[in-house]
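One-letter residues, chain by chain:
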Amino acid sequence: MDSPANSAVFISYASQDAAGALRLCAALRAAGIEVWFDQAELAGGDGWDRKIRGQIAVCALFVPVISAATQERLEGYFRLEWKLAAQRTHTMADAKPFLLPVVIDATRDADAHVPEEFRAVQWTRLPGGEASAVFCARVTTLLIGSEVGRVSDPSLPSVNPPRAGQGPAQLPSRRFPKLVAATAVLALAATAAFFALRNFPSPAATPAASSVAVLAFANMSAEKDTEYFSDGISEELLNVLAKLPGLKVSARTSAFFYKGKQVAIKQVAQELGVAYIVEGSVRKSGDRVRITAQLIKADDSFHVWSDNFDRELKDIFAVQDEIAGLIAKNLSLKLGLAPAAAPGAAPTQNLAAYDLYLRGRAEQTSVTRRNSSFEAVRLYEEALRLDPGYALASARLSQVFFHSFRVTGYDRSEQNAMRARNAALTAVRLDPNLPEAHLALALVRQAIDYDLGAAQRELDEAERLRPNDPEAPAVRLELELARGRWGDAMQALATRAAELDPRNAASLLRVAEILRIIGRFAESERRYEQGWAMSGWTLTYNSFPLRGRSLNTLAWTGDLPGALVRFETVPTRDLNNPTFYRERAELQTMGGRFEAALADFAQALKIYASERAPTSGPRGGQIIATIRLGQLDARLGRGTRAAELYSEALAASGQYAQDLPDLPNGPRYRAIIHALRGEKSEARAAMAEATQLAARTHDAVTITEVRRSNAETLALLGETAAAIAELRAVHEQGYGFGYLLRLQLEWEPLRGDAKFQQLMKEAEARADAPPRPKK
């Protein structure tokens, strides 16, 4: 029979961690929890030893404090305490809560010197021993009878991930309604506190137990050009697993990153931040297919389940569902997850259409083949010709059109917008329960129709249908960016999007860009570095990694020489990129190196002219480079040449506005040019037009860009107060100016104004908030 005093928590720690352990003890006691916390480790003696052993034998919860100090001390009395606690678990049921390991610094649990029993439960990270309200509430819940489950903050999944082998939490006893109510209040408070956190783990951090990646299945077919088929099998399994509530599923691009690479399963899992790996092979021969699949627990390479399936090709969808169901069942048994929903109808009964779809998907996701988008469109449209009811093909077709319209900007015609919209609407009509259809329509509603409310509804429906779809967080991130919700919640969402797709260079660089926009420079730099390492240098004109990263460096540190140094390391093969020269020219201009800047702007224009394309990105860059070239010529006394360049830029911006009338870029470029030419009324008219077009988009980024351009125009017109008011509005929206206001040439006319100086101080103070690297 347990001692009457068995409702206490025993804290075990090394003497070097006394301060952190004391803070933890104080927080628990403040929450009304009894804590046994011995501060006489050096006292020794048989009586003291018996007391400690007795407390460990009857305490309700045992909290070992783990740190760098415990890593260094391979001997110590705390290690005897840990072994006694571990031995006690051998006589307990698996569901009984007892061990609550707490890490108070950056020590990784995978490397920690602890008893193996500690690894069977979730660990909590409480930096410095500062216990959150939810942790205290969770301890209270466990003490009143809840079985072991998440013993750390449930609102911090990326900070305190659950560990493998851990069962689900149960509700506390109904005999304690007041205590349960208090626990709920504390949980809500801690959920709000979560969004104030600024540091998040990298993908190499300890993975959540309920997490899995489906690697690209090996193509074992005699015909090696059928790899698209094995890839498709893998993706379909991923999509089915993503329907499991509570299961984190790594995104396709990141999981397929390892295709053809000889990388150990444990390393793959660590880099993707998952606890389980699904891998296998596909052998297609005539009208038959053999699929081998296995589920592996990554930390010890234990094969949880494996099997072979020999089927006729006509049964391909049934066997996919069967395999995914078996994997889901095994994961559910291991992790206590809710069962997956029953599989729906096969996406098509036409195997030829299915084959075309898989080929189209391979082209859509290719990062190496040129013109792959055009080929994807052709293949999807052919699949739909064979099966007009193929909703998934229609949804993917919409995504390709959308990518061309919005992401690359290479075809912003109304015809392309209509094709993206119609394909998404058709997909939803054909299959209202298809998550991909609602994701496609969410993109269209947000970025083509400018209906953020409708985009929100479509995205919510997609996530309801597939709760852990790894594509959804990136879409939601774009939606929240458009809504202007640029606070801590957005940084948390950006982190989640990056962690679900940690080996996707384009996705990481987009996350980095968003974090830069909202002034989260330290986290932005980390994501730039990750994407940079995988992408090399050039992806497209609009996603040239060096462009955003140099701006981030400047905004965060004000280190102009440091930003310029990066440009010196670009490989020669990647120098035929106009963005490289235009961005380096901007930095040269900030540093007063006007002749060098002129040469770079001229080189950018030369490349733009040789690779002219009907796209918003390059044409906008070409106009900006022309304007800047004119400004430098004017500064160096070459007024005639400057006037010629302004006229050229004005004509180009007029054509831009005519070709792309829905974008505010044309009139905002015109406003700056008219201001440079001293044409005040024309500048104000163009500003008004740009502002009206931006407002029509309901997009916070577009509106912010226009307000920033308005500030530049007003500064050129000598309207200092109005220019500063526009910049103040942009700053208060949450835009990350950092040190750019001090450096960029366009703000030079404002720097003598006291209000502008105050704004600079505020922007720089925000940049200084996270730790900055040394210059």
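About the thresholds
Residues numbered from 1 in each chain as written. Predicted model: local features only at pLDDT ≥ 70, side-chain atom pairs only at ≥ 80, totals over all residues. Heavy atoms only, no water. Helix = DSSP H or I, 4+ residues; strand = E, 2+ residues; numbered from the N terminus. Contact = heavy atoms within 4.5 Å. Areas by Shrake-Rupley, 256 points an atom, 1.4 Å probe, with all protein chains shown as cover. Axes fitted to C-alpha atoms, helices over the stretch in contact; angles between N-to-C directions. Parallel < 35°, antiparallel > 145°, perpendicular 65-115°, else oblique. Left-handed = near helix turned anticlockwise from the far one by under 90°. Nonpolar A, V, L, I, M, F, W, Y, C, P; charged D, E, K, R; others polar. Pairing = 2+ DSSP bridges. Buried < 20%, exposed > 50% of the residue type's maximum accessible area, 1.4 Å probe, protein only. Lys, Arg positive; Asp, Glu negative; His and termini not counted. Salt bridge = Lys/Arg side-chain N within 4 Å of Asp/Glu carboxyl O. Expected span 1.5 Å × (residues − 1). Polar contact = N/O pair within 3.5 Å; in protein donor to acceptor, adjacent residues only side chain to side chain. Phe/Tyr/Trp six-rings, centres within 6.5 Å; stacked < 30°, edge-to-face > 60°. Lys NZ or Arg CZ within 6 Å of the ring centre and 35° of its normal. Core = buried A, V, L, I, M, F, W, Y, C linked by side-chain atoms within 4.5 Å. Right-handed = clockwise from strand over helix to strand, strands pointing away.

Colleague: Before we go on, may I ask you to explain the overall build of the protein chain in this structure?
Modeller: A tally of helices and strands in the protein chain yields 32 helices and 11 strands. The contacts in the protein chain between residues at least 6 apart in sequence include a share of 66% that link residues at least 24 apart. In the structure as shown, the protein chain presents an accessible area of about 32,700 Å², 53% of it carried by carbon and sulfur atoms.

Colleague: Whenever I open this one, the packing of helix H21 (residues 545–557) against helix H23 (residues 578–590) confuses me. Can you help?
Modeller: Relative placement of two packed helices is described by the angle separating their axes and the distance separating the axes. Interaxial distance between H21 and H23 falls to 9 Å at its minimum, and their mutual angle equals 20°. In this view, H21 runs roughly parallel relative to H23, as classed from their interaxial angle. For the pair H21 and H23, the sense of crossing is left-handed. Contacts between H21 and H23 involve Leu-546, Arg-547, Ser-550 and Leu-554 on the former and, on the latter, Thr-579, Phe-580, Arg-582, Glu-583, Leu-587 and Met-590. The class makeup of the residues in the contact of H21 with H23 is 5 nonpolar, 2 polar and 3 charged.

Colleague: Which parts of the structure should I look at to understand the packing of helix H11 (residues 351–364) against helix H12 (residues 372–386)?
Modeller: At a closest axis distance of 8 Å, the pairing of H11 and H12 adopts a crossing angle of 165°. As summarised for this structure, H11 and H12 are arranged roughly antiparallel, according to the angle between their axes. The interaxial crossing formed by H11 with H12 has left-handed handedness. Residues Ala-352, Ala-353, Leu-356, Tyr-357, Arg-359, Gly-360, Arg-361, Glu-363 and Gln-364 of H11 form the contact with H12, whose participating residues are Ser-372, Glu-375, Ala-376, Leu-379, Tyr-380, Glu-382, Ala-383 and Leu-386. For the contact of H11 with H12, a count of residues per class yields 9 nonpolar, 3 polar and 5 charged.

Colleague: Explain the sheet that holds strand E2 (residues 35–36) here, please?
Modeller: Backbone hydrogen bonds hold the strands of a sheet together, and the pairing may be parallel or antiparallel. Across the sheet, 5 strands lie side by side as E2-E1-E3-E4-E5; this open sheet has parallel pairing. Every other strand in the sheet has two partners, leaving E2 and strand E5 (124–125) as the edge strands with one partner each. In the sheet, strand E3 (residues 61–66) pairs with strand E4 (residues 102–103) via 2 bridges, with the strands oriented parallel. Note on E4: the bridge partner recorded for Val-65 is Val-102.

Colleague: For this particular structure, what's the right way to read the pairing of strand E10 (residues 288–297)?
Modeller: The side chains of a regular strand alternate, first on one face of the sheet and then on the other. Burial runs high along E10: 7 of the 10 residues are buried. The pairing of E10 with strand E11 (residues 302–312) spans 10 bridges and is classified as antiparallel. Each residue of the ladder has a partner; that of Ile-291, found in E11, is Phe-309. Following E10, the chain reverses through 4 residues before pairing antiparallel with E11; Ser-301 in that reversal takes a positive phi of roughly 60°.

Colleague: Teacher, can you tell me more about the side chain of Asp-501 here?
Modeller: By the element assignment, Asp-501 lies in the loop between helix H18 (488–500) and helix H19 (505–517). For the buried Asp-501, no salt bridge is present, and the opposite-charge side chain at shortest range is Arg-503, 8.9 Å distant. The residues contacting Asp-501, other than those within four sequence positions of it, are Ala-251, Thr-253, Ser-254, Ser-507 and Leu-508.

Colleague: Help me out: how do you make sense of H12 in this one?
Modeller: Think of an α-helix as turning once every 3.6 residues; residues three or four places apart then point the same way. Here H12 contains 15 residues, and its C-alpha end-to-end distance of 21 Å stays within 8% of the 21 Å for a straight helix at 1.5 Å per residue. Within the sequence span of H12, burial applies to Ser-372, Ala-376, Val-377, Leu-379, Tyr-380, Ala-383 and Leu-384.

Colleague: What should I look at first to understand the environment of Gly-360 in this one?
Modeller: With respect to the helices and strands, Gly-360 occurs in helix H11. When its relative accessible area of 0% is taken as the criterion, Gly-360 is described as buried. Here Gly-360 is in contact with Ala-376, Leu-379 and Tyr-380, once residues within four sequence places are set aside.

Colleague: What should I look at first to understand helix H29 (residues 700–716) in this one?
Modeller: Here H29 spans 24 Å end to end across 17 residues, near enough to the 24 Å set by a 1.5 Å rise per residue. The element H29 is largely enclosed, with a buried count of 13 among its 17 residues. Between a side-chain oxygen at the N-terminus of H29 and the backbone nitrogen of Val-701 the separation is 2.9 Å; the capping residue is Asp-699. Note on H29: the residue one or two positions beyond its end, Gly-718, has a positive phi of about 80°.

Colleague: What should I look at first to understand the packing of aromatic side chains in this one?
Modeller: In this description, a pair of aromatic rings is defined by centroid distance and the angle of the planes. Counted under the stated rule, the structure contains 15 aromatic pairs. With 5.5 Å between their ring centres and 45° between their planes, Phe-567 and Phe-580 make a pair best called tilted. With Phe-567 in helix H22 (residues 560–567) and Phe-580 in helix H23, this pair connects stretches of sequence that are 13 residues apart. Its relative accessible area of 2% is what places Phe-580 among the buried residues. Between Tyr-735 and Phe-737 the ring centres are 4.9 Å apart and the planes differ by 70°, which places this aromatic pair in the edge-to-face class. On the basis of relative accessibility, which here comes to 1%, the residue Phe-737 falls in the buried class. Counting every residue linked through ring pairs, the aromatic cluster contains Phe-10, Phe-62 and Phe-98. Between the NZ or CZ atom of Lys-261 and the centre of the ring of Phe-257, over which it lies, the distance is 4.3 Å. Note that Arg-549 overlies the ring of Trp-532, its terminal NZ or CZ placed 4.7 Å from the centroid.

Colleague: Would you mind going over the nonpolar core with me for this structure?
Modeller: Side chains that are nonpolar tend, in soluble globular proteins, to be buried together. Counting residues in each nonpolar core, the largest one holds 82 residues, and the members touching the most others are Phe-229 and Leu-241. If we ignore the near neighbours within four places in the chain, the residues touching Leu-241 are Val-212, Val-214, Leu-247, Val-249, Val-278, Ala-324, Ile-327 and Ala-328. If you look at the next biggest cluster of nonpolar residues, it comprises 35 residues, including Ala-494, Ile-514, Ala-723 and Leu-759.

Colleague: What exactly am I supposed to notice about the pattern of salt bridges here?
Modeller: Once the charged atoms of two side chains with opposite charge are near each other, the side chains can pair. Going through the model one piece at a time under the given rule, you end up with 53 salt bridges. Linking Glu-436 and Arg-396 is a salt bridge whose minimum nitrogen-to-oxygen distance equals 3.9 Å. Of this pair, Glu-436 sits in helix H15 (residues 435–447) while Arg-396 sits in helix H13 (residues 391–407), and the two are 40 residues apart along the sequence. Assigned by exposure class, Glu-436 and Arg-396 land together as buried. Among the salt bridges present, the one from Arg-421 reaches Asp-449, with a minimum N-O distance of 2.7 Å.

Colleague: What exactly am I supposed to notice about the pairing of strand E1 (residues 9–12) here?
Modeller: Here E1 shows two buried faces, one formed by Val-9 and Ile-11 and the other by Phe-10 and Ser-12. Bridging between E1 and E2 involves 2 bridges; their strand directions are parallel. If you follow Phe-10 over to E2, its bridge partner there is Trp-36. Of the crossover connections in this fold, the one passing from E1 over helix H1 (residues 18–30) to the parallel E2 is right-handed.

Colleague: What should I look at first to understand the environment of Leu-759 in this one?
Modeller: Assignment of secondary structure puts Leu-759 in helix H32 (residues 754–768). For Leu-759, a relative accessible area of 0% translates into the label buried. Between the C-alpha atom of Leu-759 and that of Leu-727, which follows or precedes it by 32 residues, the distance is 8.4 Å. Apart from residues no more than four positions distant in its own chain, Leu-759 is found in contact with Ile-724, Leu-727, Arg-728, His-731 and Leu-741.

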